[in-house]
Structures are given as structure tokens and as C-alpha cells.
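If you want the building blocks of each chain, they are given just below.
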Amino acid sequence: MNYNNKNKLKDELNLLRASGYSIGFVPTMGALHQGHISLMELALQSCDQVVVSIYVNPTQFDNSEDLAKYPNQLDQDLSLIKASFSDDQIIVYTPLTQDIYGDEPQSKHYDFGDLGLQMEGAQRPGHFDGVGTILEYFFELIQPDMAFFGEKDFQQLLIVRELVRQLELSVKIVGCPIARDSVGLALSSRNARLSEQGKITATAINKSLHVMKEGFLTATIDELLATAREFLDHTTGIETEYVSIVDEQTLRPVSSKAPGLPIRAFVVAHIEGVRLIDNMKLN
Ligand code: AMP
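These remarks concern the structure in this document. None of the values given here were measured: they were computed from a predicted structure.

The rules we used
Residues numbered from 1 in each chain as written. Predicted model: local features only at pLDDT ≥ 70, side-chain atom pairs only at ≥ 80, totals over all residues. Heavy atoms only, no water. Helix = DSSP H or I, 4+ residues; strand = E, 2+ residues; numbered from the N terminus. Rg over C-alpha atoms; globule rule 2.2 N^0.38 Å. Buried < 20%, exposed > 50% of the residue type's maximum accessible area, 1.4 Å probe, protein only. Contact = heavy atoms within 4.5 Å. Areas by Shrake-Rupley, 256 points an atom, 1.4 Å probe, with all protein chains shown as cover. Near = heavy atom within 4 Å. Polar contact = N/O pair within 3.5 Å; in protein donor to acceptor, adjacent residues only side chain to side chain. Nonpolar A, V, L, I, M, F, W, Y, C, P; charged D, E, K, R; others polar. Core = buried A, V, L, I, M, F, W, Y, C linked by side-chain atoms within 4.5 Å. Pairing = 2+ DSSP bridges. Axes fitted to C-alpha atoms, helices over the stretch in contact; angles between N-to-C directions. Parallel < 35°, antiparallel > 145°, perpendicular 65-115°, else oblique. Left-handed = near helix turned anticlockwise from the far one by under 90°. Expected span 1.5 Å × (residues − 1). Arc of directions from axis to C-beta.

Before going further, it helps to spend a moment on the overall build of the protein. If you tally the helices and strands in the protein, you get 10 helices and 9 strands. Relative to a compact globule of 283 residues, whose C-alpha radius of gyration would be 19 Å, the protein shows 19 Å and is just as compact. Of all 283 residues assigned to the protein, the portion counted as buried reaches 54%. Across the protein, every contact between residues at least 6 apart in sequence was considered, and the portion connecting residues at least 24 apart equals 73%. Of the roughly 13400 Å² that the protein leaves accessible, carbon and sulfur atoms contribute 49%.

Laid out in C-alpha cells, this is it:
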């Protein structure tokens, strides 16, 4: 089933809830791939009915060119869902911008504390305000029991948990593992914009994360950062935006490896004008 009318969606969900169905929610921006499908599969393991939203949210783009180039392929997305699940398992919601924002797409403002100031928060001003705004709308409309987010956007996952805490919502937020292709490249809608050579080049991002993971026990944090940067700098065709090693609970950069501290590395790099992100737990 595919809805773009929010009232019809609401009515359908009310009927399902009245029959005792639990509702899972997977928000996406479309150009679906197996990473998105893996989230839907996980959602179906825990919930009776899953709602998938497909909407390229304008307010979370800090760069209008990036927004204009974002892939848009609704028919293909619906076919992929149809080929992957039976008809009654997934409800697709393709909202209308007017319903969400009225005439002028604008973000609300949130204070996510330090979580919103690091990495993507620092590099993409207003990004998490846009994410918060669209998710607040979706959570209010859909009232899911559980919502599923990829660790691919690890900072977003923590921001969503913080949003839910601040709004005192009862939805359970579930983090899902990063789906990768056979050579380790994290699946992303943006990969569709890469040439075959670009995809090969992009595997250096994942390799640089492995370099840090493999060196974790023997090298200092500064050495790990330097080695990953050097590895990326020596790969033709990559422009590194940042490499960070952070406490995975606060996302604050770490300078040493305190015992028991969960540490995660993040890389953002540009290949053929496409901005790609990836991360990996180091310990
Ligand atoms: P997007 O369509 O890029 O906004 O992503 C929608 C959801 O899918 C987000 O929760 C992402 O973190 C998740 N996602 C995107 N790529 C992957 C991936 N390779 N593995 C797992 N989850 C992913």
C-alpha cells in the first residue's frame, strides 16, 4: 500500500492499532538499496506492520546543489519493496511537502547539546534541525512503537534518541548494522552517482577505518588519525573532509584510550563530487 495522504495513512494505522498490531517505522529518503531493505527486515522481525517513508527532506540539506542532485526514483523504490516483501507487510508513505511544512519548508530549532555540535553538526549547519523537524512530524503522525535507523548515520542515531528523550516519546529507537557491498563499501543512495572507478576508489574509506581498527591496540589515537589520513591522502581521487575518533556515547573526540571507553572512528570524504560517510567501532 502506498499513501501520500496523511489522513488516510492515519486512519489505516488506527485500524491496525485497534486490531492489536504493533507498528514499526523506517524513515528513508528513497533511492533504496539493500541497506534500507535490511532495516525493513529487522523492523518486520519485531513489529506486525512496518511503515516506510520515502521523502527527500529539503530542510536537512545545507547545500542546495546536494539536494538538487539527490537521486529520485520512486517507481524503482516501490518495485524493490514489492520484490522484497509481500504486499501486506509494508505500508509506504510518500508525504507531500505541503502537509509537512505548509508553503515554506523551514526547520524548527533544537538543542541536542554536544551531540549536535560535533562532526556532521559542525560540517553541515542546520542539518540536525532538519532531521529533528521531519522526524518529529513523522513520529507524531505515525506513532510507531519502534523506529529503525542505520548505524551508517551513527550521529543521527544518537540525535534521534536524544530527540525522543526531549519530546518524551515512547517510541523505541533501534540501531541497525551497516550494510556493505562485497568489497566493504557502505551502501548509500549517493553511490549511484559514482562511476565504476569511483566505487573502487570509495573502498579506501572503509579500508581507512580498518587501518584504524587494526592498529587500535598498538598505536596512540594521534597515530591512528595520522595513519588513516595518510592512507586516504595517498589514494588518488579522494578528498578527505574529516577523520575523527570519538567516544561513541558523547561523540566527543578522544585523545587517549581510557579502559572501557567505547570508541568509534568516522570518515567523511568526497569522490567525484559525491560526499560519502562511514564509521566503525574500534574496540
Ligand atoms: P537515507 O535514505 O540515506 O536517509 O537512510 C535512511 C535510513 O537507512 C537511515 O536510518 C540510514 O542510516 C539507513 N541506511 C542508509 N544506508 C545504510 C546502510 N548501508 N546500512 C544500514 N543502514 C543504512
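In the neighbourhood of the ligand, 17 residues make up the surrounding shell, with M29, G150, D153, A179 and L187 lying closest. G150 places a polar main-chain atom, nitrogen or oxygen, 2.9 Å from an oxygen atom of the ligand. Between a nitrogen atom of the ligand and a main-chain N or O atom of L187, the distance comes to 2.8 Å. Of all elements in the fold, only strand 2 (23-28), helix 2 (34-46) and strand 5 (146-150) reach the threshold of two or more residues within the shell around the ligand. Among the elements that take part in the shell around the ligand, helix 2 stands out by supplying 3 residues, more than any other. Here the shell around the ligand is composed, by residue class, of 9 nonpolar, 6 polar and 2 charged.

Next up on the list: the nonpolar core. Ranked by internal contacts, the top residues of the largest apolar core, which has 42 residues, are Y93, L135, F138, F139, I142 and I173. Top contributing element to this core by residue count: helix 7 (residues 127-142), with 9 residues. What L135 contacts, discounting residues up to four positions off in sequence, is P27, F149, V160 and L163. By size, the runner-up hydrophobic cluster in this structure holds 27 residues, among which are F216, V243, V267 and L282.

Time to look at the sheet that holds strand 1 (residues 2-3). The strand order across the open sheet formed by 6 strands is 1-4-3-2-5-6, and the pairing between neighbours is parallel. In this open sheet, the two edge strands, each paired with only one partner strand, are strand 1 and strand 6 (172-176). As judged from the 6 bridges shared by strand 2 and strand 3 (residues 49-54), these two strands associate in the parallel manner. Directly across from I23, in strand 3, lies its bridge partner Q49.

Summarising the element assignment, V274 is placed in strand 9 (residues 274-281). According to the relative accessible area criterion, V274 is buried, its value standing at 1%. Along the sequence, V274 and I238 sit 36 residues apart, while their C-alpha atoms lie 10.0 Å from each other. Residues in contact with V274, not counting those within four places in the same chain, are R190, R193, L194 and A269.

What follows is about the sheet that holds strand 7 (residues 238-247). What the 3 strands build is an open sheet, ordered 7-8-9; its pairing is antiparallel. The strands lining the two open edges of the sheet, one partner per strand, are strand 7 and strand 9. Here the strands of the sheet are splayed against their neighbours by 15° on average, with no regard to which way each runs.

Two numbers describe a pair of packed helices, the interaxial angle and the distance between the axes. In the contact formed by helix 9 (residues 196-215) and helix 10 (residues 221-233), the axes pass within 9 Å of each other and the chain directions differ by 155°. Between helix 9 and helix 10, the interaxial angle falls into the category roughly antiparallel. Both helix 9 and helix 10 take part in a crossing whose hand is right-handed. On the side of helix 9, the interface is formed by A204, I205, K207, S208, V211, M212 and G215, while helix 10 contributes L224, T227, A228, F231 and L232. By residue class, the composition of the contact of helix 9 with helix 10 is 8 nonpolar, 3 polar and 1 charged.

Topologically, E12 is positioned in helix 1 (residues 6-18). In this structure, the C-alpha to C-alpha distance between E12 and Q118, residues 106 residues apart in sequence, is 39 Å. Apart from residues no more than four positions distant in its own chain, E12 is found in contact with M1, Y3 and I91. Separated by 3.4 Å, the side chains of E12 and Y3 make a polar contact.

Compared with an ideal rise of 1.5 Å per residue, which puts 13 residues at 18 Å, helix 10 spans 18 Å between its outermost C-alpha atoms and is within 8% of the ideal. For helix 10, the set of buried residues is I221, L224, A228 and L232. The buried residues of helix 10 occupy one face: seen down the axis, they fall within an arc of 65°. Away from the buried face of helix 10 by more than 90 degrees, exposed residues D222 and D233 are located. Those residues of helix 10 hidden inside the fold are in contact with helix 9, strand 7 and strand 8 (263-271).

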